[in-house]
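Examination of the molecular architecture
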Amino acid sequence: MLNPASVHVVFADLQAGIVEASATNPASSIRRAAKVLNGLVAALDIPFTFSAAPRPGGPVMVEELPDGEPYVRTGPSCWDDLAWREAVLSGGRSTLVICGVTTEIVVLRTALDAIEGGLDVQVLVDACGGIAARTEDAALRQIEAAGGVVTSVAGFAADMVRDFTTPAGRQVIAALHQLA
């Protein structure tokens, strides 16, 4: 069972104009999963960060996410952004949960770097999108081979909340119903 007190969530490149570029998961599905994850983060008091690719006019995160300032990175891995990495590590959380677009670039590189940096990693595939099914599958296999866990928003939630009759459990199950 995963303890919410050990988790930090990163929303990577869930930006207007980038989410729509996913070829493996429709933008509407990514947005719905991100919205549900946003509800889980709120219900379970899990810290989160945004990492964004630089864009003309600045990054615009999708509206399904909570408000917050993104860390704008210059390369393919969130881990390479020192300010972002320090923000994540300063919280003392041992598990990094990643979602984003594209799976083969930002999700893959961040997952591998975080694993190498000593964190447990989970990737939520329903809140990710890739360039092509074949290359996304290769990236997910690479993450698993390195020790990461590939799961879904629902699987992640069910691993943390085992009693849906508690106040937090009721909030979580209500959020999960939005996946359908």
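First things first, this report covers the structure right here in the doc. Bear in mind that the values here come from a model prediction, so they are computed numbers and not experimental data.

Parameters and conventions
- Residues numbered from 1 in each chain as written.
- Predicted model: local features only at pLDDT ≥ 70, side-chain atom pairs only at ≥ 80, totals over all residues.
- Heavy atoms only, no water.
- Helix = DSSP H or I, 4+ residues; strand = E, 2+ residues; numbered from the N terminus.
- Rg over C-alpha atoms; globule rule 2.2 N^0.38 Å.
- Buried < 20%, exposed > 50% of the residue type's maximum accessible area, 1.4 Å probe, protein only.
- Contact = heavy atoms within 4.5 Å.
- Areas by Shrake-Rupley, 256 points an atom, 1.4 Å probe, with all protein chains shown as cover.
- Lys, Arg positive; Asp, Glu negative; His and termini not counted.
- Charge placed at Lys NZ, Arg CZ, Asp CG, Glu CD.
- Pairing = 2+ DSSP bridges.
- Salt bridge = Lys/Arg side-chain N within 4 Å of Asp/Glu carboxyl O.
- Expected span 1.5 Å × (residues − 1).
- Axes fitted to C-alpha atoms, helices over the stretch in contact; angles between N-to-C directions.

**Digging into the overall build of the protein**
- Along its length, the protein carries six helices and six strands.
- Taken against the 2.2 N^0.38 rule, which gives 16 Å for 180 residues, the C-alpha radius of gyration of the protein at 15 Å falls within 12% of a compact globule.
- Reported as C-alpha extents along the three principal axes, the dimensions of the protein are approximately 45 × 35 × 30 Å.
- Taking all 180 residues of the protein together, 51% fall into the buried category.
- When contacts within the protein are restricted to residue pairs at least 6 apart in sequence, those whose partners lie at least 24 apart make up 75%.
- Within the structure as shown, the protein displays about 8,000 Å² of accessible surface, and the carbon and sulfur contribution to it stands at 53%.
- Side-chain charges in the protein split into 12 positive and 20 negative, and the spacing between the mean points of these groups amounts to 4 Å.

**Focus: the pairing of strand β4 (residues 95-101)**
- The element β4 is extensively covered by neighbouring structure, given that seven of its seven residues are classed as buried.
- The alternating pattern of β4 places T95, V97, C99 and V101 and L96, I98 and G100 on opposite faces, both of which are buried.
- The pairing of strand β1 (residues 7-12) with β4 spans six bridges and is classified as parallel. Each residue of the ladder has a partner; that of V7, found in β4, is T95.
- Alignment of β4 against strand β5 (residues 120-129), held across six bridges, turns out to be parallel.

**What to know about helix α3 (residues 103-116)**
- When you tally the buried positions in α3, you get 11 out of 14 residues, the bulk of the element.
- Buried within α3 we find T103, E104, V106, V107, L108, T110, A111, L112, D113, A114 and I115.
- Each element contacted by the buried residues of α3 is listed here: β1, α2 (82-90), β4, β5 and α4 (133-145).
- Taken from the residues just after α3, G118 is the one with a positive phi, measuring 100°.

**Regarding the environment of I18**
- As for its position among the elements, I18 is in the loop between β1 and α1 (27-44).
- A residue is classified by how much of its surface remains accessible, and I18, at 13% relative accessible area, is buried.
- Between the C-alpha atoms of I18 and G117, which are 99 residues apart in sequence, the distance is 27 Å.
- With residues near it in sequence (within four places) discarded, I18 still touches D13, A53, R55 and V101.

**Things to note about the pattern of salt bridges**
- Tallied over the entire structure, the rule returns five salt bridges.
- A salt bridge links R162 to D159, with the nearest nitrogen and oxygen atoms 3.8 Å apart.
- With relative accessibility at 21%, the residue D159 sits in the partly exposed group.

**A closer look at α1**
- With 18 residues, α1 should reach 26 Å at 1.5 Å per residue; the first-to-last C-alpha distance of 25 Å fits that figure.
- Most of α1 sits out of view: 13 of its 18 residues are buried.
- Within two residues after α1, D45 carries a phi angle of roughly 55°, on the positive side.

**Quick word on the sheet that holds strand β6 (residues 149-151)**
- The strand order β3-β2-β1-β4-β5-β6 describes an open sheet built from six strands, whose pairing is parallel. With one partner strand each, in any of the chains shown, β3 (71-72) and β6 form the two edges of the open sheet.
- Taken together, the four bridges between β1 and strand β2 (residues 48-52) define a ladder with parallel strand orientation. Counterpart to V10 in the pairing with β2 is T49.
- Contacting β1, β2, β4 and β5, α1 runs over the sheet at an angle of about 135° to β5.

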